[in-house]
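Examination of the molecular architecture
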Amino acid sequence: MPKEKIYQDDWLYTSLRPCVDMAVKNGYRKCEIKGMENIPKDGAVLLSPNHCNTLMDALVILRTHKKPTVFGARADLFKKPFIAKLMFFVRILPMIRQRDGLRNVLKNKDNQEIIVETLENNVRFCMYPEGTHRPKHSLQMLGKGVFRAALAANEKFGQEKPVYIVPAGIEYGDYFRYRSTCLVTYGKALNVTEFVKNCSLENEAQIMDALRKELTSRMSELITYIPYDDNYEAKWALTKMLSIRDRKRGYGDFGTSLSEEMLRNRDIVSQIEKAMEEKPEEMADLLTEVKEFERKRQKKGISIYSFKKRSNPVLNVIGKGLAALLGLPYFLYSAVSCLPMWATEFFIRGKVRDKAFKNTASFGIKLGFSMVLFPIYTALAFCLAPWWLALILLVLWLPGFSYFHDYLEGCRRWFSDIRLLRNKKLWKQFKGITKAFNKL
């Protein structure tokens, strides 16, 4: 381990932070942060978010707070020396799990001391208690690492300042599409110092189990939580269908609060779960039909958002076509000027096996190429064109990569709307399913 402390200021890291935060923001069409007031200022803070979208989960959490934050990540990412040094530079500490072998798990004692020291120096530590990512609106069983660290910190300096675990919920409009939406919600902090003081349990394992139950409950309240079972996919599909049933705007569209959409989805999930308990046979039949609907919809290449209620679907298709035509010149400029970026991105994304890593790949390519291309394009523009034209070209280039993706997404939905106009049976099936649920 390097002599310098992982939580200490580094001028290069501090200089790059604004660029990274801006790239994260530009990676999403819309971002919201809620509950910052729930992060205590009077003690040590362990952040505990759900883990559903690989490195992007850390980046969206980092962007919510300008002060230093140290993260934990699975240890197998640190096998190569260069990667290990890079991880240390970006303030990521290896977290060794039981699957990494008992001999390696013993090394966690050293890492735990680093975590406690980090917290003691008033730097936040973010640990993903699920241990691994899963792109689902659910939670995996929480590991013990975050609780061991909290109890160790409390034992060392809990008398001087309280130790908190702050639950966080990360909700994406789409796990796999670049330029989707992102909502980060911080929940009520769990005061570990008070919890231990008032707890009648003396066994550490029992205390950790009690903490785990409480944290799981608090984390599940911050996301669209669907119990992970055999019906998960059908439940989530039905949730989306019911969410947009009478809505003119889709999830995360301009003017719609992401937090309100999340709460609405939570309410729908509660209705579905209640119906599952009260009328299991009817719901089983309905979910079977939902699966069939989803199979047909995806086969036809029709977006779920094409089923939004509209006064005149034909005029909607015409309007989107006109918007695509008006935006075409800038799209072509963006496509040409950003060719190295999106060509590399499409190639890399096609090679990525884990779909959850696709957005991380897009982000990394966008950030890396921007830092290389911007000075090159700047020099070329001012050497080959008048200063005013060079300035215009650079200003147009900056949002070009984001616009390129937004334009393609707009066209995808436009083509989807056209396909739905020609598929009345699927529209009829959508209405039948939502009406059938209302009657349950």
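The shown structure was predicted, so the numbers you read here are calculated from the model rather than taken from an experiment.

**Topic: the packing of helix α12 (residues 313–337) against helix α13 (residues 339–351)**
- Running from amino to carboxyl end, α12 crosses α13 at an angle of 75°, the nearest separation of the two axes being 5 Å. By the angle between their directions, the pair α12 and α13 is classed as roughly perpendicular. For the pair formed by α12 and α13, the contact residues are Ser334, Ala335, Val336 and Ser337 on the first element and Leu339, Pro340 and Trp342 on the second.

**Observations concerning the side chain of Arg218**
- By secondary structure assignment, the location of Arg218 is in helix α8 (residues 204–220).
- Judged by its relative accessible area of 18%, Arg218 falls in the buried class.
- A distance of 2.7 Å separates the side chain of Arg218 from the side chain of Glu214, its partner in a polar contact.
- Excluding anything up to four places from it in sequence, Arg218 contacts Pro167, Lys188, Ala189 and Leu190.

**What about a nonpolar patch on the surface?**
- Taken together, the side chains of Phe382, Trp387, Trp388, Leu389, Leu391, Ile392, Leu393, Val395 and Leu396 present a nonpolar region at the surface, about 850 Å² in accessible area.
- A per-element tally of the nonpolar patch places helix α15 (residues 387–397) first, with eight residues.

**Description of the packing of aromatic side chains**
- Enumeration over the complete set of coordinates arrives at 22 aromatic pairs.
- By way of ring pairs, the aromatic residues Tyr330, Phe331, Tyr333, Trp342, Phe346, Tyr403, Phe404 and Tyr407 are connected into one cluster.
- When the ring centre of Tyr13 is taken as reference, the NZ or CZ atom of Arg91 above it lies at 4.1 Å.
- Across the ring face of Phe176, the terminal group of Lys355 is positioned such that the distance to the ring centre comes to 4.3 Å.

**A word on the pattern of salt bridges**
- Applying the stated criterion across every chain yields a total of 19 salt bridges.
- Note that Asp229 is salt-bridged to Lys235, the shortest N-O span being 3.0 Å.
- Residue Glu292 pairs with Arg295 through a salt bridge whose shortest N-O separation is 2.6 Å. Taken together, the positions of Glu292 and Arg295, both in helix α11 (residues 280–300) and three residues apart, correspond to about one turn of that helix.
- Classification of Arg295 by relative accessible area gives partly exposed; the value is 44%.
- By sharing partners, the salt bridges in this structure join Arg17, Asp21 and Lys66 into a single network.

**Brief notes about α12**
- For α12, which comprises 25 residues, the first-to-last C-alpha distance of 35 Å matches the rise-based estimate of 36 Å (1.5 Å per residue) to within 8%.
- The largest bend in α12 comes to about 50°, at Leu328, with the proline Pro329 one to four residues further on.
- Buried residues along α12 sit against α13, α14 (358–384), α15 and α16 (400–421).
- A distance of 3.1 Å separates the backbone nitrogen of Val314 from a side-chain oxygen at the start of α12, and that oxygen is part of Asn312.

**Regarding the environment of Val336**
- When you line up the elements, Val336 lands in helix α12.
- A C-alpha to C-alpha distance of 55 Å links Val336 and Glu277, two positions 59 residues apart in sequence.

**Digging into the nonpolar core**
- Formed by 35 residues in total, the largest nonpolar core has its most connected members in Leu46, Ile115, Leu119, Phe125, Phe147 and Ile165.
- Here the element with the most residues in this core is helix α6 (residues 145–157); it accounts for eight residues.
- Ignoring anything within four residues of it in the chain, the contact list for Leu46 reads Ile115, Leu119, Phe125, Val146, Ala149, Ala150, Tyr164, Ile165 and Val166.
- Formed by 34 residues, the second largest nonpolar core is a distinct cluster that contains Val24, Ala58, Leu62 and Val184.

What counts and what doesn't
- Residues numbered from 1 in each chain as written.
- Predicted model: local features only at pLDDT ≥ 70, side-chain atom pairs only at ≥ 80, totals over all residues.
- Heavy atoms only, no water.
- Axes fitted to C-alpha atoms, helices over the stretch in contact; angles between N-to-C directions.
- Helix = DSSP H or I, 4+ residues; strand = E, 2+ residues; numbered from the N terminus.
- Parallel < 35°, antiparallel > 145°, perpendicular 65-115°, else oblique.
- Contact = heavy atoms within 4.5 Å.
- Buried < 20%, exposed > 50% of the residue type's maximum accessible area, 1.4 Å probe, protein only.
- Polar contact = N/O pair within 3.5 Å; in protein donor to acceptor, adjacent residues only side chain to side chain.
- Patch = residues over 30% accessible without salt bridge, like charges linked within 9 Å, V, L, I, M, F, W, Y side chains within 5 Å.
- Areas by Shrake-Rupley, 256 points an atom, 1.4 Å probe, with all protein chains shown as cover.
- Salt bridge = Lys/Arg side-chain N within 4 Å of Asp/Glu carboxyl O.
- Phe/Tyr/Trp six-rings, centres within 6.5 Å; stacked < 30°, edge-to-face > 60°.
- Lys NZ or Arg CZ within 6 Å of the ring centre and 35° of its normal.
- Expected span 1.5 Å × (residues − 1).
- Bend = angle between axes of the 7 residues up to and from the residue.
- Core = buried A, V, L, I, M, F, W, Y, C linked by side-chain atoms within 4.5 Å.

Geometry only, nothing functional implied.
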